[in-house]
There are 2 protein chains.
Amino acid sequence: MFDLIAFDADDTLWHSESHYADAQAKFKQLLTQYHSPEQIEQRLHQTEMRNLQLYGYGIKGFALSLIETAIELTEGRIRGDEIQHLIDLAKDMLTAEVQLLDHAADSVARLAASYPLMLITKGDLFDQETKIARSGLRPYFQYIEVVSDKTDDSYSALLAKYQLDPARFLMVGNSLRSDILPVVALGGQAVYIPYQITWAHETVVLSEQDRSRFFELEHIGLLPALVERLSPGSDTLGTTD
Amino acid sequence: MFDLIAFDADDTLWHSESHYADAQAKFKQLLTQYHSPEQIEQRLHQTEMRNLQLYGYGIKGFALSLIETAIELTEGRIRGDEIQHLIDLAKDMLTAEVQLLDHAADSVARLAASYPLMLITKGDLFDQETKIARSGLRPYFQYIEVVSDKTDDSYSALLAKYQLDPARFLMVGNSLRSDILPVVALGGQAVYIPYQITWAHETVVLSEQDRSRFFELEHIGLLPALVERLSPGSDTLGTTD
């Protein structure tokens, strides 16, 4: 039924948003004498959204937005060593161990035995490449695509590049906005696996109709069985049990 | 003679290093009360080299290195508004008009009439994509590749991906380290067109033997004639004169 299965990476195969959340918690702690946690969070989100068109996604842009927000919220009174602390937070994120989600390695290995797999991730090219290399999952993926954003247009360009029939293309990811809705809009199939935290920017409100157009799973360990159920002619996935 | 001609982008097709040099001049001005221009330049270079393995190439990493260097060189005494000034320098660089080098548009248009062209550039994916879009040169390039670094391995992977014979691949660029030497090492052909400024990181010392393995031109306007001279069977390039 599928010619290729594509996976998002951050928060689909490995933890990412939790690192951002940890950094934000430390950021709020740093500014606790100046503002309430809610005000700090709101202002940081505003700064990030304003800078997204300049920086794109990724940790380096996040770090620059942390610094800018800290300067704004302290009216310039933030100290040099505190700014350095923010830079160090970003460096910690960039060098953090890649922690795979439960079941991710097993599910990817099982599906790779029967399907060509593609990784489609957005963000800093350099950071994403090093994470893929460190994840240990690189050998399972035939194709890697790092894109600057995940929109109808970017998926459309990928489908054309690899000459893929949307109806036989399956995308797996944790973001309705970036992984699921653009793919179903193109006639593709999608499996939504929510992560424990969703970045405010990635949240969307779904209609009942939207909801009927993709599959939803509780965790990635359930993916091979779903794919098998959708591909009745293929029993290869069962052989590793 | 060539199946494909590939171009570097920054400082080969459009000005880039001059923007970094302008930002560095303003950075030295900002810290002038603390240190000599030479000391500032040396420390910034050290910080950039130390951070390269974390940040990769590009303006956002450069901005973070400017901030870190400023904190170090002022022993934390740099003020919030001065740090914001450094962030604004980076934002100016990210939104600066793309200024094509003299003859770049003409030469690319002429060569595109006879050869498939590829753009191979390193740095921030998002920044490079927006610059390509703003340059007006996008229609002439059949393929665009943004890579995290330009090494023997990355060129080797590109040649394999596009099934290109190195002997029939021509790379054009301003960096001996990134555009020329890795390509000739793989048996490819290369045209070196120096830019008015070379980033210290990109400088190399050439042997006499190295020097004999690539072509060197004064400016990109001379490229179509060189390609024509190297492809005696093809006279298509002359027809637009």
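All residue numbers here refer to positions counted from 1 along the written sequence of the relevant chain. Chains carry letters and ligands carry numbers; both start at the beginning, A for chains and 1 for ligands, and go up in the order they are written. It should be noted that, the model being predicted, local features are given only for residues of pLDDT at least 70 and side-chain atom pairs only at 80 or more, the latter also being counted only at that level, while totals for whole chains, interfaces and linings use all residues.

Asks: With reference to specific residues and values, describe the overall build of chain A.
Replies: Secondary structure elements follow DSSP: runs of H or I of four or more residues count as helices, runs of E of two or more count as strands, with numbering from the N terminus. Each helix and strand counted, chain A has ten helices and six strands in total. Based on C-alpha atoms, the radius of gyration is set beside the globule rule, defined as 2.2 Å times the residue count to the power 0.38. Computed over the C-alpha atoms, the radius of gyration of chain A is 19 Å, within 12% of the 18 Å expected from 2.2 N^0.38 for a compact globule of 241 residues. In terms of its C-alpha atoms, chain A occupies a principal-axis envelope of roughly 65 × 35 × 30 Å.

Asks: Break down the relation of the copies chain B and chain A for me, citing the residues and quoting the values.
Replies: Rotating chain B by 180° about the axis while translating it 0.0 Å along that axis superimposes it on chain A, leaving an RMSD of 0.0 Å. Expressed as a symmetry operation, the mapping of one chain copy onto the other fits a two-fold axis. Here, residues touch in the contact sense if the C-beta positions derived from the backbone fall within 7 Å of one another. Comparing interface residues between copies, 100% of those in chain B also lie at the interface in chain A; the contact surface is shared. For the least-squares superposition of copies, only C-alpha atoms count, and only for residues with pLDDT at least 70 in both.

Asks: A description of the sheet that holds strand β1 (residues 4-7) of chain A should follow, citing residues and the corresponding values.
Replies: Residues and elements named next belong to chain A. Here we have six strands laid out as an open sheet, ordered β3-β2-β1-β4-β5-β6, and parallel in their pairing. Unpaired on one side and paired on the other, β3 (143-147) and β6 (215-216) mark the two borders of the sheet. Direction of pairing for β1 relative to strand β2 (residues 117-122): parallel, over a ladder of three bridges. In the strand pairing of β2, Ala6 is matched with Met118. At least two DSSP bridges between two strands are needed for those strands to be called paired.

Asks: Tell me about the domain arrangement of chain A, and please be specific about residues and values.
Replies: Residue and element names in this part refer to chain A. The domain boundaries assigned to chain A delineate domain 1 (4-14 + 98-240) and domain 2 (17-95). Boundary definitions for the domains trace back to an automatic or database domain assignment. Spacing between the C-alpha centres of domain 1 and domain 2 amounts to 29 Å. Opposite the eleven residues of domain 1 that make contact, domain 2 presents twelve residues. Residues are grouped as follows: Ala, Val, Leu, Ile, Met, Phe, Trp, Tyr, Cys and Pro are nonpolar; Asp, Glu, Lys and Arg are charged; all remaining types, including Gly, are polar. For the side of domain 1 that touches domain 2, the class distribution of residues is four nonpolar, three polar and four charged.

Asks: So what about the sheet that holds strand β4 (residues 169-173) of chain B? Which residues, and what values?
Replies: Residues and elements named next belong to chain B. An order of β3-β2-β1-β4-β5-β6 is seen for the six strands of this open sheet, with the pairing classed as parallel. Whereas interior strands pair on both sides, the edge strands pair on one side only; in this sheet they are β3 (143-147) and β6 (215-216). In this sheet, β4 lies alongside strand β1 (residues 4-7) in parallel orientation, the contact comprising four bridges. Paired with Leu4 across the two strands is Phe169, which belongs to β4.

Asks: With reference to specific residues and values, describe the interface of chain B and chain A.
Replies: By a frequent convention, interface size equals the accessible area lost on bringing the separate parts together. Contact with chain B, which involves 29 residues of that partner, is made by 29 residues of chain A. No other element matches the eight residues that helix α4 (residues 80-95) of chain B contributes to the side of chain B that touches chain A. Considering only residue class, the side of chain B that touches chain A consists of 13 nonpolar, eight polar and eight charged.

Asks: Describe helix α8 (residues 176-185) of chain A, and please don't skip the residues or the numbers.
Replies: Residue and element names in this part refer to chain A. Each residue is classified by how many other C-beta atoms fall within 10 Å of its C-beta atom, where C-beta atoms are placed from the backbone; a count of 20 or more means buried, 12 or fewer means exposed, and values in between mean partly exposed. Counting buried positions over the ten residues of α8 gives seven, a clear majority of the element. Regarding α8, the residues found buried are Leu176, Ser178, Asp179, Ile180, Leu181, Pro182 and Val183. After α8 finishes, the residue Gly187 shows a positive phi value of roughly 90°.

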